[in-house]
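# Working through the structure, step by step
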Amino acid sequence: MKVTIEDVVLPSDQCEEIVKAGESGRVILGPGLRKEIDGVFIVKAGVLKKRSPNTYWVESYQKRYVPSRSENVIGVVVQKAGDIFRVDIGGSCTASLSYLSFEGATKKNRPAVKIGDVVYGKMLNASKDMEPELVCVDSDGKKNYMGVLEDGFMFKCSLNLIRKILNPKCPLIASLKNEWPFEMAAGMNGRIWIKANSMRETIAVGNAILGSEYASNEEIKSMCNNIASILAGHNS
Amino acid sequence: MDVDESQLKDFKLKPMKCEFNVLSKSDGSAILSQGETVVIVSVNGPLDIKMQSQSIEKATLEVLCCSKGGKPCVADRYKENIIKQTCDAALLSNQYPRTGITITVQELEDCGGLLPCSLNCACLALINSGLAMRCVFAAVTCVVDEQGDIVLGPSKEQLDTARAVLNFVFDSRDKSLMTGFTEGSFSEDTYKEAMERCRVASDLVFAFYRDIVKQYSKIIA
């Protein structure tokens, strides 16, 4: 079936608009699109989106993470093997994390990472044929908020929810951050780590995030106010 | 191929109802009822699997069918094989090399047409899981009754008394036949006519898929 931008699409649909745009210039095919000999095909069900000038992708529902380059993820260290750590990032296989890819780490000065630690890092390398590679420093050698996440609480959710709360248009973080202080790290692999001053506040943040998955912007705002007032009532 | 035009337009399939994401822990799940037959399917993957069963070029597909009684039998193996081969053709499994994809099918209620219902439900669960697919597929059943007429979307009584039961699975790309399995005796012409009529009826199933995705795309996008 022929489809256009903002349509609901199913696998095997074709979009001629993209092919036409490709004739006059370069186009970027994002997730859910695939170029074959006879045109551009949809491979995931969802909504076909476009960002000007030339980026196309399919917004689809997904729970299982498939590693992709330069995404920030949260992983759990499962094994120490010589000079690398194996980190579970929720994909089909574990990612490797070199002990040298921490801020200030040298061969003499090893970072203190134990099995079971939660780390926040960036995917350096993620090809479907190779083991994914994770780093906890940026290109300047600075940690840039990455590294081992101390204490706190980690939970899993769908990949869509992560994209939703990280979207600047989503009011969730904006309305929560004024109510009480907390730290948060969101991994594109469907994991969220939060740390607040008390257990009650941590649970409140977690519930607010999970509750916003199917809520509209107005509903999210009123839910945040609700949670904040309940919390304030208990504290006083 | 001469098929009566009016017969191609005048048909009805059993009413379908579906719900996505019924299981919280699996990567994709769907429950589908076609008439009184109800099936629940869960998809997990791509996951890490044993070295022996890994394939360098593509994902290894595993299908498990559980009947209501819970005892595995030879008939389940037959169903697993058909679902596996159909899903293998529909999935772009070369996108996930050295991994495993598990599809679990649980029968909840069997009032005839369990296998086509399982196939459609498996397709919906794959859509929900967000795995890359070459196409979606639709399974359609028809029977040849005692008078020799072809009936689409048969009831349980019609299935029991039928001279032959024909099942077809079509892909959405060019409506070509992906899988076909039959029971009973029929002529070649009957087979061809039944196939053409099921091909037209598969449009209804594809429209149903699109409708379901439309409903939940409002929430995800």
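About the cut-offs
- Residues numbered from 1 in each chain as written.
- Chains lettered and ligands numbered in written order.
- Predicted model: local features only at pLDDT ≥ 70, side-chain atom pairs only at ≥ 80, totals over all residues.
- Heavy atoms only, no water.
- Helix = DSSP H or I, 4+ residues; strand = E, 2+ residues; numbered from the N terminus.
- Rg over C-alpha atoms; globule rule 2.2 N^0.38 Å.
- Buried < 20%, exposed > 50% of the residue type's maximum accessible area, 1.4 Å probe, protein only.
- Contact = heavy atoms within 4.5 Å.
- Areas by Shrake-Rupley, 256 points an atom, 1.4 Å probe, with all protein chains shown as cover.
- Lys, Arg positive; Asp, Glu negative; His and termini not counted.
- Charge placed at Lys NZ, Arg CZ, Asp CG, Glu CD.
- Phe/Tyr/Trp six-rings, centres within 6.5 Å; stacked < 30°, edge-to-face > 60°.
- Lys NZ or Arg CZ within 6 Å of the ring centre and 35° of its normal.
- Polar contact = N/O pair within 3.5 Å; in protein donor to acceptor, adjacent residues only side chain to side chain.
- Expected span 1.5 Å × (residues − 1).
- Arc of directions from axis to C-beta.
- Core = buried A, V, L, I, M, F, W, Y, C linked by side-chain atoms within 4.5 Å.
- Pairing = 2+ DSSP bridges.

## Topic: the overall build of chain B
Across its full length, chain B carries five helices and nine strands. Secondary structure elements of chain B, listed N to C terminal, follow the sequence α-β-β-β-β-α-β-α-β-β-α-β-β-α. For chain B, whose C-alpha radius of gyration is 17 Å, the value lies close to the compact-globule estimate of 17 Å for 221 residues. Seen through its C-alpha atoms, chain B measures out along the principal axes to roughly 55 × 40 × 30 Å. Expressed as a percentage of the 221 residues in chain B, the buried residues total 52%. Relative to all contacts within chain B whose residues are 6 or more apart in sequence, the contacts with residues 24 or more apart total 66%. Approximately 10,300 Å² of chain B is accessible, and the part contributed by carbon and sulfur atoms is 50%. For chain B, the distance from the average site of its 24 positive side-chain charges to the average site of its 30 negative ones is 6 Å.

## Re the packing of aromatic side chains
Enumeration over the complete set of coordinates arrives at nine aromatic pairs over all chains. Between Trp180(A) and Phe182(A) the ring centres are 6.4 Å apart and the planes differ by 50°, which places this aromatic pair in the tilted class. Its relative accessible area of 6% is what places Trp180(A) among the buried residues. An aromatic cluster of three or more residues is present, and its members are Phe168(B), Phe170(B), Phe186(B) and Tyr191(B). One Lys or Arg, Arg173(B), reaches over the ring of Phe41(A) and ends 3.9 Å from the middle of that ring.

## Remarks on the side chain of Thr190(B)
Residues and elements named next belong to chain B. Looking at the secondary structure, you find Thr190 in helix H5 (residues 188–220). You can call Thr190 buried: its relative accessible area is 16%. Here Ser187 takes part through its side chain, which lies 2.5 Å from a polar atom of the side chain of Thr190. With residues up to four places along the chain from it excluded, the contact list for Thr190 reads Val144 and Ile150.

## Focus on helix H2 (residues 74–90) of chain B
Owing to its 3.6 residues per turn, the α-helix brings residues three or four apart onto one side. All names here are of chain B. In a regular helix each residue adds 1.5 Å, so 17 residues correspond to 24 Å; H2 covers 25 Å between its end C-alpha atoms and thus fits that length. Buried residues of H2: Asp76, Lys79, Glu80, Ile82, Ile83, Thr86, Cys87 and Ala90, and no others. Buried positions in H2, seen along its axis, are confined to an arc of 165° and lie on one side of it. For H2, the exposed residues lying more than 90 degrees away from the buried face are Val74 and Gln85. Of the surrounding elements, those touching the buried residues of H2 are strand S4 (60–66), strand S5 (100–109), helix H3 (114–129), strand S6 (137–144), strand S8 (164–171) and strand S9 (177–184).

## Comments concerning the nonpolar core
One finds Val41(B), Ile83(B), Ile103(B), Ile127(B) and Tyr209(B) to be the most contacted residues of the largest nonpolar core, which totals 68 residues. Those residues in contact with Ile83(B) that lie beyond four places of it in its chain are Val63(B), Cys65(B), Val105(B), Leu115(B), Ser118(B), Leu119(B) and Ala122(B).

## Considering the pairing of strand S15 (residues 191–196) of chain A
Residue and element names in this part refer to chain A. The buried fraction of S15 is high, at five of six residues. One ladder, built from four bridges, connects strand S13 (residues 153–156) with S15; its direction is antiparallel. Paired with Met154 across the two strands is Trp193, which belongs to S15. As judged from the six bridges shared by strand S14 (residues 182–187) and S15, these two strands associate in the antiparallel manner. Bridged to Ala185 within S15 is Trp193. Between the antiparallel neighbours S14 and S15 lie three residues, among them Gly190 with a positive phi of about 80°.

Keep in mind these values describe shape, not function.
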